[in-house]
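Topology and contacts: notes
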Amino acid sequence: MIPKLVRLSRSAPKDRPLAWDTYWAGIRATGAAGEVLWDSGTDQEFLSYKEVLLRHLDPELPVVDIGCGHGSFSRALAGLFPEVIGVDVSAHAVNRAEDESAEFRNVRFQVRDMTAPGAEKDLPREANVFIRGVLHVLGAADQAALAENLRLLVGQRGSVFLAETNFQGNPVEYVSHLGATSRSIPAPLERAIRGLPMPGRFGPEERSRALPPTAWQLVEDGPVAIETNPATGISGQGRVPGYYAVLRPRT
Ligand SMILES: C[S@@+](CC[C@H](N)C(=O)[O-])C[C@H]1O[C@@H](n2cnc3c(N)ncnc32)[C@H](O)[C@@H]1O
């Protein structure tokens, strides 16, 4: 399977923001029958986070959904917080998120590279942050740049909730888990391999490198199941082992 993976991934643009925007430009359908690999089309995963969010995030503050994609988690957050701002580096993702969220009065979206210096400007000061499936697709330098923007964004009262895939295996084991065989690859997985940078993993070790304990207080963390598109067709394999954490900057 390795030569096939190498051949498919060769076409992905090396420029990451361009890769993401090109990926989102090609998406015609979301949800369980759609084309987005990390979209299960259900709120099951969000419901597994709900108690943690209610326990630790100030419900009076707005929440910024960083790397919001087509906004499915932004819409779920709209029921818990007064205002949700979804931000994404891809203009096509933001357009789609806006189209899918027209009925939500307290949700808005902005195009923004959250690893860029000053990216937190014009976003609410003192906000909660929700971030799912973004840190594991960034390199170490971008993770550190994002962490600095998170610190400025949350201020004194906000908290960061993150949930990321933390699959302990090599890329072949990862794509096999998601239903790839030497004969066929589920369409949402093939689309991601063709168009996007190869993801890494993000667990406790990566968290303490990107958000070091000297600068960030770890409030709670643990394992979580990241739900993906059910296209694997293999019961239970649409779930990827993941990691969640709640953090606050040290003053
Ligand atoms: C795996 S997707 C997760 C999308 C969404 N959080 C979800 O769980 O449905 C990663 C998202 O992060 C966005 N992204 C990648 N790099 C980014 C950056 N530097 N700033 C903002 N968004 C970014 C991508 O465009 C993509 O929508």
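The present account deals with the structure reproduced in this document. Computed from a predicted structure; not experimentally measured.

Either a parallel or an antiparallel arrangement is found when strands of a sheet pair, and the pairing is made through backbone hydrogen bonds. Judged by pairing direction, the sheet is mixed, and its 7 strands sit side by side in the order E3-E2-E1-E4-E5-E7-E6 without closing on themselves. At either margin of the open sheet sits one strand with a lone partner, and together these are strand E3 (107-111) and strand E6 (216-227). When strand polarity is set aside, the average angle formed by the axes of neighbouring strands in this sheet is 20 degrees. In this sheet, strand E4 (residues 128-132) lies alongside strand E1 (residues 63-66) in parallel orientation, the contact comprising 4 bridges. What sits directly across from Asp65, in E4, is Phe130. Against the sheet, helix H5 (residues 91-100) engages strand E2 (84-88) and E3, with an angle of about 165 degrees to E3.

Time to look at the nonpolar core. Residues Tyr49, Leu53, Leu77, Phe130, Phe161 and Leu189 are the most contacted members of the largest nonpolar core, which totals 45 residues. Here this core takes 4 residues from helix H3 (residues 44-56), the largest share from any one element. Ranked by size, the runner-up nonpolar core spans 27 residues in total, among them Val129, Ala147, Leu150 and Leu211.

The tally for this structure, following the rule as stated, stands at 1 cavity of 30 Å³ or more. In terms of residue class, the lining of the largest cavity is built from 6 nonpolar, 3 polar and no charged.

As a matter of local geometry, the ligand sits amid 17 residues, with Gly67, Asp88, Asp113, Met114 and Arg132 nearest to it. The backbone of Met114 places a nitrogen or oxygen atom 2.9 Å from a nitrogen atom of the ligand. For the ligand, an oxygen atom lies 2.7 Å from a polar atom in the side chain of Arg132. A breakdown of the residues in the shell around the ligand according to their chemical character gives 9 nonpolar, 4 polar and 4 charged.

Moving on: the packing of aromatic side chains. Applying the stated criterion across every chain, the model contains 13 aromatic pairs. On the basis of an interplanar angle of 75 degrees and a centroid distance of 6.3 Å, the ring pair of Trp20 and Tyr23 is categorised as edge-to-face. Highlighted residues: Trp20 and Tyr23, both in helix H2 (residues 16-25), separated by 3 residues, approximately one helical turn. Residue Tyr23 is classed as buried on the basis of its relative accessible area of 4%. An aromatic cluster is defined as three or more aromatic residues linked by ring pairs; in this entry it consists of Phe46, Tyr49, Phe73, Phe130, Phe161 and Tyr244.

Looking now at the pattern of salt bridges. Counting across every chain of the model gives 15 salt bridges. The salt bridge partner of Asp58 is Arg157, with a shortest N-O separation of 3.0 Å. Taken together, the positions of Asp58 in the loop between H3 and E1 and Arg157 in the loop between helix H6 (140-154) and strand E5 (160-165) put the pair 99 residues apart, joining distant regions of the chain. Across the salt bridge formed by Arg209 and Glu205, the nearest N and O atoms sit 3.8 Å from each other. Of this pair, Arg209 and Glu205 both sit in helix H9 (residues 204-210), 4 residues apart, roughly one helical turn. Comparing Arg209 with Glu205, the two get one shared label, exposed. Salt bridges sharing common partners tie together Arg28, Glu35 and Arg191.

Taken as a whole, the second largest pocket spans an internal volume of roughly 160 Å³. Lining the second largest pocket, in full, are His136, Thr165, Asn166, Phe167, Gly169, Asn170, Pro171, Tyr174, Met198, Pro199, Gly200 and Arg201.

Attention shifts here to the packing of H2 against H5. Where H2 contacts H5, the two axes come as close as 7 Å, and the packing angle between them is 40 degrees. Relative to H5, the element H2 lies oblique. Only Ala91, His92, Ala93 and Arg96 of H5 make contact with H2, whose side of the interface consists of Asp21, Trp24 and Ala25. Here the residues of the contact of H2 with H5 are counted per class, giving 4 nonpolar, 1 polar and 2 charged.

Even without a glycine there, the phi angle at Asp122 is positive, about 70 degrees. Mapped onto the secondary structure, Asp122 falls in the loop between E3 and E4. In this structure Asp122 comes out as exposed when scored by relative accessible area, which is 66%. One non-glycine residue, Glu126, adopts positive backbone phi at about 65 degrees.

Procedures and definitions
- Residues numbered from 1 in each chain as written.
- Predicted model: local features only at pLDDT ≥ 70, side-chain atom pairs only at ≥ 80, totals over all residues.
- Heavy atoms only, no water.
- Pairing = 2+ DSSP bridges.
- Helix = DSSP H or I, 4+ residues; strand = E, 2+ residues; numbered from the N terminus.
- Axes fitted to C-alpha atoms, helices over the stretch in contact; angles between N-to-C directions.
- Contact = heavy atoms within 4.5 Å.
- Core = buried A, V, L, I, M, F, W, Y, C linked by side-chain atoms within 4.5 Å.
- Buried < 20%, exposed > 50% of the residue type's maximum accessible area, 1.4 Å probe, protein only.
- 1 Å grid on protein atoms, 1.4 Å probe; cavity = no way out; pocket = protein on both sides within 12 Å on 5 of 7 lines; lining within 4 Å.
- Points joined across faces, edges and corners; volume = space filled by probe spheres on them.
- Nonpolar A, V, L, I, M, F, W, Y, C, P; charged D, E, K, R; others polar.
- Near = heavy atom within 4 Å.
- Polar contact = N/O pair within 3.5 Å; in protein donor to acceptor, adjacent residues only side chain to side chain.
- Phe/Tyr/Trp six-rings, centres within 6.5 Å; stacked < 30°, edge-to-face > 60°.
- Salt bridge = Lys/Arg side-chain N within 4 Å of Asp/Glu carboxyl O.
- Parallel < 35°, antiparallel > 145°, perpendicular 65-115°, else oblique.

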